[in-house]
Amino acid sequence: MSLGDQSGNARRKWVIGSAWPYIYAVPHLGNLIGSVLSADVFARYLRLRGDYVVFVSGSDEHGTPIEVEALQLGIKPKELTDKMHEIIKRLFELWEISFDNYTRTESPVHKEFVKEFFMKLYNNGYVFTKEDEVPYCPKDRIYLPDRFIIGTCPYCGYQYARGDQCENCGRLLEPRLLINPRCAICGSKPTWVKTKHWYLDLTKLEDKVKKYVEENTALPENAKQMSLGMLREGLKPRAITRDNKWGIDAPFPGAEGKTIYVWLEAVLGYISATVEYFRNMNNEDEWRKFWFDPGTRVVFFVGKDNIPFHVILLPAMLMASGEPYVMPYTTASTEYLLFEGKKFSKSQRIGVWIDEALALMPADYWRFVLIYQRPEGRDSSFSWNQALEVINSILNDVIGNFIYRVLSFINTRFSGEVPSGALKDIDIKYRDEALGHFRASEEHYEKIELRDALLEAVEIARVGNKYLNERQPWELIKGNRDEAGAVMLNALHIVKALSITLWPVMPKSMEELWAMAGFGRLTWKDAYEAPRPGTKLSNVRPLFRKISHEEFKAMMKKLDEIRDIKDKGKYPWEQVYMGL
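A brief look at the structure comes next. Note that this is a predicted model, so its numbers are computed, not measured.

**A look at the sheet that holds strand β7 (residues 149–152)**
Across the sheet, three strands lie side by side as β8-β7-β9; this open sheet has antiparallel pairing. Of all strands in the sheet, those bounded by a partner on one side alone are β8 (161–162) and β9 (179–183). Sheet topology note: the β7/β9 ladder contains three bridges and is antiparallel. Paired with isoleucine 149 across the bridge in β9 is cysteine 183.

**Observations regarding empty space enclosed by the protein**
Per the counting criterion, the structure on display carries two cavities of 30 Å³ or more. Quantified by volume, the largest cavity comes out at close to 280 Å³. Along its surface, the largest cavity is lined by 16 residues, and Leu172, Met230, Gly234, Lys236 and Arg238 are the ones closest to its centre. Elements represented by at least two residues in the lining of the largest cavity include exactly α6 (221–233) and α10 (307–320).

**Considering the sheet that holds strand β5 (residues 127–137)**
One open sheet holds the four strands; their spatial order is β6-β5-β10-β11, and the pairing between them is antiparallel. A strand with exactly one partner marks an edge of an open sheet, and here the two such strands are β6 (142–143) and β11 (238–239). Where β5 lies against strand β10 (residues 191–200), 10 bridges are found, and the strand directions are antiparallel. Following the sheet pairing, glutamate 131 is matched in β10 by lysine 196.

**Some details on the packing of aromatic side chains**
Two descriptors summarise a pair of aromatic rings, namely the distance from one centre to the other and the angle between the planes of the rings. Throughout the structure, instances matching the rule amount to 45 aromatic pairs. Considering the side-chain rings of phenylalanine 113 and tryptophan 287, the 6.3 Å spacing of their centres and the 90° angle between planes classify their relative orientation as edge-to-face. Placement of the pair is phenylalanine 113 in helix α4 (residues 108–123) and tryptophan 287 in helix α9 (residues 286–291), with a sequence separation of 174 residues. Across this residue pair, the class does not change: phenylalanine 113 and tryptophan 287 are buried. The rings of Trp14, Phe42, Tyr45, Phe301, Tyr329, Phe438, Tyr445, Trp524 and Tyr528 are connected pair by pair, giving a single aromatic cluster. The side chain of arginine 11 reaches across the aromatic face of tyrosine 52, ending 4.8 Å from its centre. Above the face of the tryptophan 503 ring, arginine 44 is positioned so that its terminal group lies 5.0 Å from the ring centre.

**Quick notes on the pattern of salt bridges**
Between side chains of opposite charge, pairing is possible as soon as their charged atoms come close. Under the defined criterion, the tally for this structure stands at 46 salt bridges. With its nearest N and O atoms 3.0 Å apart, the salt bridge here joins lysine 566 to aspartate 355. Of this pair, lysine 566 sits in helix α19 (residues 549–567) while aspartate 355 sits in helix α11 (residues 354–360), and the two are 211 residues apart along the sequence. Comparing lysine 566 with aspartate 355, the two get one shared label, buried. Across the pair lysine 566 and glutamate 356 runs a salt bridge whose closest N-O atoms are separated by 2.8 Å.

About the cut-offs
Residues numbered from 1 in each chain as written. Predicted model: local features only at pLDDT ≥ 70, side-chain atom pairs only at ≥ 80, totals over all residues. Heavy atoms only, no water. Pairing = 2+ DSSP bridges. Helix = DSSP H or I, 4+ residues; strand = E, 2+ residues; numbered from the N terminus. 1 Å grid on protein atoms, 1.4 Å probe; cavity = no way out; pocket = protein on both sides within 12 Å on 5 of 7 lines; lining within 4 Å. Points joined across faces, edges and corners; volume = space filled by probe spheres on them. Phe/Tyr/Trp six-rings, centres within 6.5 Å; stacked < 30°, edge-to-face > 60°. Buried < 20%, exposed > 50% of the residue type's maximum accessible area, 1.4 Å probe, protein only. Lys NZ or Arg CZ within 6 Å of the ring centre and 35° of its normal. Salt bridge = Lys/Arg side-chain N within 4 Å of Asp/Glu carboxyl O.

Worth remembering: the numbers are spatial, not functional.
In structure tokens:
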């Protein structure tokens, strides 16, 4: 288990879950900021605070999209997912994502847990059967799951709504509700054939779920309003089983040949991944101390299209299990990140994917830019112009410049040794102003306002630069070395506080800084302690650098070359760029 360092505060327990990427393709930057990266930044913050954190996710690999993809490629679905799981797991490592357990839905632990969980729902009277007419494509000779039917949304009129959900208005749908439904594979009109399915009776759980949503003060506004809108319309029974072959076998009596609906089994992965993590630690019972403890805070990081599954369906299933599961504390749901004002599109080469990104810039640059542009209250749009402005003018000129001014001055004028000295009132004023921004950053982290937390970190650096400009240690040292030493000790204290609030966003760069400044491994409360005089600096160098217009043009050329290489691949794993 990832534990933060000891602090004076009481240790809280957290389960942090990021939405499980569906792995028939590599995630793009919008997918990353909507779930995995945001979850990682928050988990790292909590560890700095000294909290108990279990951070989990995994590869979502079942369902018809992968089954169809494998069929078209002439391979088994598991061959596809085995390769893609390892690739995506490696990419997340390169992005410095600090999972305690990144697993997969093909994990034996997950499959065992899902079957046992749904049998509890069945035995508790929340599962019933009914005969259904389901869509079948006679041309492709395949049962069509909800997401493989497209048509016009009956609520908002969007012409390309899927049979499970309209991505335009977010409403949960069923294929029968679509106007002019058609097969998403070939465009043919489906026929409807009779089959028996097992349903989760959400009507029995509606009042409890409504109470959970209404009383949850931590839910972001978009999650709360979308969920309350669905509840006002009334919850309807939801099919648990499907007729596709690639998935977890349905455990119900008489359900041979059926599999569990991929969305309903994937959200249980947050629990099974925790079970698996502690089983691998030879301490399996520990998982209950997280999921069965009302003091645990369970937080999910998802895009807004995932809200219904995390705010309504998973809580409903936890309630139906009859076991003392803690209800999710909140679902941190971002709005959408667009790319230059448009939706990401691989075929049209609109956007950047996480394998390509690392070939263009270091992971920490991307992490900083994406958190800086995180779509917290409304959709935001990534643009190259803004990204370069953030890197050059904020990361380099404000943050990097301040850090290097302090370290290089100590290195050259104090022989690389942290000086000592008594602070004057003006020094204390600037220190306290910087620590005020540090506390404001902490308040934003606590509310999962990651962009605002980062903006407060930038303000710490601005205060630091202003402090140096006012105190002018390069002039002071000519006549009063002790006073200049006190100023630099104080400036290094501001650097220390800055590095702590930046570490969740830029872990690798801040650890390089900690080594340079002789700080060692820091915790959140260390921001309030001045550096130790006499500490030796080492290998002082600029942490960041600007990206010139010429370099940017070379990056765009390289991006086109990478995509030309990827386009030649036949299999999905051959369409991933790992030549970092």
